[in-house]
Amino acid sequence: MAIPLKYNIRNLFVRKVSTAMTVFSISLVVAVFMALMALATGMDKTFTSSGDPRNVLVIRKSAQVETNSTVRKSEYQIIRYLPGIDTGANGQPQLSPEVIVLLNIPRRGEQLGANVIVRGVGPEGFELRPQLRMVKGRLFRPGLREMIVSLNIAGRFQNTDVGNQMKFGKGMWTVVGHFDASRTAFDSEMWADVDELVNEFGREGYSSLLLRSRDPKAQRELISQIDGDRRLSVEAFSEREYYDKQTIAAIGIKTLATLMTIFMGIGACFAAMNTMYAAVSNRTREIGTMRAIGFSRASILLSFLIEAVLLALVGGAVGCLLALPINGITTGSANFSTFSEVTYNFRITFPLIATALALSGFLGVIGGFLPARTAARQPIIEALRSM
Amino acid sequence: MKYFRIIWKNCMRNKRRTILTILSVGFSLFLVTFLRTLMVEFSRTNETPTAVRRIAVHRSTSLQEDMPEAYRKRIETVQDVEQVVGMDWFGGIYKEPKNFFANFAVEHEDFFDVFPEVRLDTAVKQAFFAQRSAAFCGVKLAERFGWKVGDKVTLLGTIYPADLEFILVGFYTSAVDERTFYFRRDYMQEALGKPGKVGVFFVLARSLETTPRVIERIDSMFRNTDAETLSETERAFQAGFQTMMGNVQGLVLSIMSVVVFMILLVVGNAMAMSIRERSHEIAIMKSLGFQNESLIGILLSESLLISLMGGIVGCFGAIVLFRTIDMTRLSQGFLQQFQVEPLTLALGFCVALGVGIISGGLPAVHVVRLTVSDGLRRVG
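A quick note: this is a predicted structure, and the numbers were derived from the prediction, not measured. (Residues numbered from 1 in each chain as written. Chains lettered and ligands numbered in written order. Predicted model: local features only at pLDDT ≥ 70, side-chain atom pairs only at ≥ 80, totals over all residues.)

**Regarding the sheet that holds strand β3 (residues 81–89) of chain B**
Residue and element names in this part refer to chain B. Under the convention used in this document: Here a strand pair is declared whenever DSSP counts at least two bridges between the two strands. Helix and strand definitions here come from DSSP, where helices need a minimum of 4 consecutive H or I residues and strands a minimum of 2 consecutive E residues; each element is numbered from the N-terminal end. Geometry is summarised by axes, namely lines fitted to C-alpha atoms with helices restricted to the contacting stretch, and by angles between N-to-C directions that run from 0 to 180 degrees. A pair of residues counts as a contact when their C-beta atoms, built from backbone coordinates, are separated by no more than 7 Å.
Taking strand neighbours across the sheet as the criterion, the 9 strands line up as β6-β7-β5-β8-β4-β3-β10-β1-β11 in an open arrangement whose pairing is mixed. Bordering the open sheet on either side are β6 (152–155) and β11 (229–233), each of which pairs with just one other strand. When the angles between neighbouring strand axes are averaged without regard to direction, this sheet yields 35°. Against the sheet, helix α5 (residues 122–130) contacts β5 (134–138) and β7 (164–172), and its axis sits at roughly 160° relative to β7.

Given below as structure tokens:
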């Protein structure tokens with residue numbers, strides 16, 4: 001027969017201070033884990049939500065990322081007329097030649113800056129990325145030194161308000177609007193007209209081509225056709241696959257999260273063990289009495305284990321609550337593969353909360369097992385005799 | 001220290017609790033040491049006498065853009081400029097992207113004058129000068145891939161559309177970094193069809209005092225051209241990379257304070273438990289004539305002893321661990337030196353000291369304030 005759960009809950013309340021301190025130390029481990037993982041999740045989600053499964057991205061062979069790549073205009077002409085590319089409402093192939101320029105601009109309130117991606121897009125660029133919408137101002141006009149800036153970048157960098165001017169390339173560029181790209185990688189970019197940007201920086205070609213395939217079968221054929229064409233020195237990827245690969249940027253944070261959780265977790269485990277050992281030794285007589293009434297060793301063991309897990313789960317829940325306010329906060333760091341700033345939000349997801357609670361439960365089991373075993377092994381007579 | 005025996009006996013009374021507490025503090029202080037070392041690693045700068053005179057000249061747009069080779073001649077004419085070397089970040093990949101290491105194309109005639117901390121044997125230097133496809137790298141990098149003199153190494157171009165094959169002529173030693181790969185710029189230019197563009201010029205100013213003026217002169221020389229420059233001291237140039245990563249310092253500092261707070265809770269809880277169990281006998285000691293001060297002293301010394309032992313376990317554990325395991329290999333070249341600084345050690349022990357005082361002090365004062373009769377009446 002099992003000992004009622006009420007017994008454990010009441011006991012946790014008897015030792016209020018000790019319970020609170022243990023709960024709190026476990027909650028700190030969980031909170032740190034949650035905060036770091038929310039950071040990594042936010043970064044990952046930014047990339048994994050960026051690519052459209054129908055889109056194909058073309059970059060130079062072995063360039064790895066758009067920022068390193070050059071696609072010649074002759075190559076653009078060949079690819080533009082390949083079969084399998086979807087046509088838009090105007091009857092033109094849905095393909096956008098794009099150029100990437102990294103621009104070093106100072107962060108708000110700081111002298112030093114970071115590289116921000118300026119993406120020159122063709123007229124089809126917007127249709128290929130429906131997640132992008134203007135929230136302020138207007139679109140840039142082709143042929144003018146105008147650009148639009150994502151809200152995230154505008155919030156973090158100087159000279160990016162609508163109407164501001166920035167000098168780069170050969171002249172002054174005006175910010176004419178702000179956009180929102182629904183938490184994708186484009187939220188870390190500034191956009192302008194591709195031809196204007198190519199001329200401004202005297203580039204010999206584009207950086208990449210983005211195109212929409214008619215259907216999944218056409219996509220596979222397009223990719224193998226582009227990769228196999230001897231005239232082209234480019235590679236094609238599904239856009240989704242390309243952005244999935246960039247999730248490597250979060251690996252540093254994930255490693256830090258793992259390290260912190262392991263070491264802080266061990267520390268908190270020992271603390272829980274201390275508390276549980278004290279609980280067992282304070283209740284030696286009670287344990288003896290329960291055994292004498294007829295509760296088995298197994299139910300004593302289980303009861304103390306449940307008590308430890310309960311303690312840890314409360315800690316886990318408190319930890320989740322502590323970490324919750326950071327959800328949605330925008331932050332940014334470097335994506336070293338493109339050598340540019342990537343902005344993202346802390347994201348607390350349900351799987352993350354579940355993982356955090358499971359983690360705290362696990363800490364409870366590890367911390368509670370040895371004390372529970374000690375409790376279960378006590379000989380009845382000695383236990384009853386103890387003070 | 002006439003009370004040392006009683007302090008020690010008290011510590012050993014519940015050995016299991018003492019050991020668990022020490023280990024818990026140890027693991028947490030290990031983290032504090034680790035995090036602070038991480039911060040030091042990120043803000044490390046090269047302070048050799050030549051390094052502080054070096055200026056990096058690059059395009060003001062960003063490092064992605066480059067400058068005409070002819071800029072070199074013009075920079076050389078600037079007053080107080082001693083030496084100039086053109087360099088390109090090649091960003092080449094050795095076999096697979098995960099084998100990341102820094103690789104630069106350098107103007108070989110001037111490179112060693114501007115970077116004297118890169119030490120190469122004269123014979124190796126001559127071999128490097130004699131052969132276009134020659135390359136050399138740091139001893140630690142060679143160790144990582146098991147390279148020997150005469151080995152052929154191919155780097156796949158990511159930024160530049162060329163895969164280059166090199167012959168390793170030797171390995172350099174340096175007090176700063178021994179994991180970089182250098183090769184000749186003329187070889188790369190030839191492979192690319194001589195585009196005549198340079199990524200960064202490193203300029204050696206005549207003295208530390210003249211650097212601000214040299215920076216100003218170079219930048220004003222190219223103002224309003226198609227390729228405006230941004231010159232900065234090497235230190236500022238590197239600080240630029242660190243700010244790119246975002247607010248790492250803030251993140252690490254906040255985690256560190258959480259860890260410290262956790263230690264406080266753990267030790268505080270352990271001390272509160274053991275002092276509560278002992279309130280009975282503390283009352284007896286009081287009735288025997290022990291002064292409040294000496295009782296608090298005894299209890300405080302006990303918590304100090306425990307937390308300092310935790311400090312020894314954690315901080316020295318970190319030192320030993322970082323010495324024995326190769327952190328650079330583990331982090332794939334991301335962490336270069338990763339040694340515990342004396343200041344970090346001091347910080348760890350200050351935390352241990354503070355934790356000992358607070359966590360032992362509060363319950364000690366509380367129990368000592370009880371009257372003898374209250375203390376004697378307390379059970380368990």
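**Points about the packing of helix α10 (residues 248–277) of chain B against helix α12 (residues 292–324) of chain B**
Residues and elements named next belong to chain B. Worth spelling out the cut-off: In this scheme, roughly parallel covers angles under 35 degrees and roughly antiparallel covers those over 145, while 65 to 115 is roughly perpendicular and the rest are oblique. Rotating anticlockwise by less than a right angle from the far helix to the near helix defines a left-handed crossing, while the corresponding clockwise rotation defines a right-handed one. When residues are sorted by character, Ala, Val, Leu, Ile, Met, Phe, Trp, Tyr, Cys and Pro go into the nonpolar class, Asp, Glu, Lys and Arg into the charged class, and all the rest, Gly among them, into the polar class.
Taken N-terminus to C-terminus, the directions of α10 and α12 make an angle of 140°; their axes are 11 Å apart at the nearest point. Judged by the angle between their axes, α10 and α12 are oblique. The two elements α10 and α12 cross, and the hand of that crossing is right-handed. Between α10 and α12, the residues in contact are Val267, Met271 and Ile275 and Leu299, Ser303, Ile306 and Ser307, respectively. When grouped by side-chain class, the residues that make up the contact of α10 with α12 number 5 nonpolar, 2 polar and no charged.

**Side note on the interface of chain A and chain B**
If you look at the interface, chain A gives 42 residues, while chain B gives 40 residues. Considering every element that reaches the side of chain A that touches chain B, the biggest residue donor is helix α9 (residues 251–282) of chain A, with 13 residues. Grouping the constituent residues of the side of chain A that touches chain B by class yields 23 nonpolar, 17 polar and 2 charged.

**A closer look at unusual backbone geometry**
Basically, it comes down to this: Exposure in this text rests on C-beta crowding, where 20 or more other C-beta atoms within 10 Å of a residue's own make it buried, 12 or fewer make it exposed, and counts in between make it partly exposed. The C-beta atoms are placed from the backbone.
Positive phi values are uncommon outside glycine, yet Ser62 of chain A reaches one of about 60°. Position of Ser62 of chain A among the secondary structure elements: in the loop between β1 (55–60) and β2 (71–72). By the C-beta count within 10 Å, which is 17 here, Ser62 of chain A ends up partly exposed. Located in the positive-phi region is Asn224 of chain B, a residue other than glycine, with phi close to 65°. The topology assignment puts Asn224 of chain B in the loop between α8 (211–221) and β11.

**Describing the pairing of strand β14 (residues 340–345) of chain A**
Residue and element names in this part refer to chain A. In terms of burial, β14 is largely enclosed, as 6 of its 6 residues are buried. Pairing of strand β13 (residues 330–335) with β14, which is carried by 6 bridges, proceeds in the antiparallel orientation. Residue pairing in the sheet places Ser333 in a bridge with Val342 of β14. Here β13 folds back onto β14, and the loop between the two strands holds 4 residues, one of which, Phe339, carries a positive phi near 60°.

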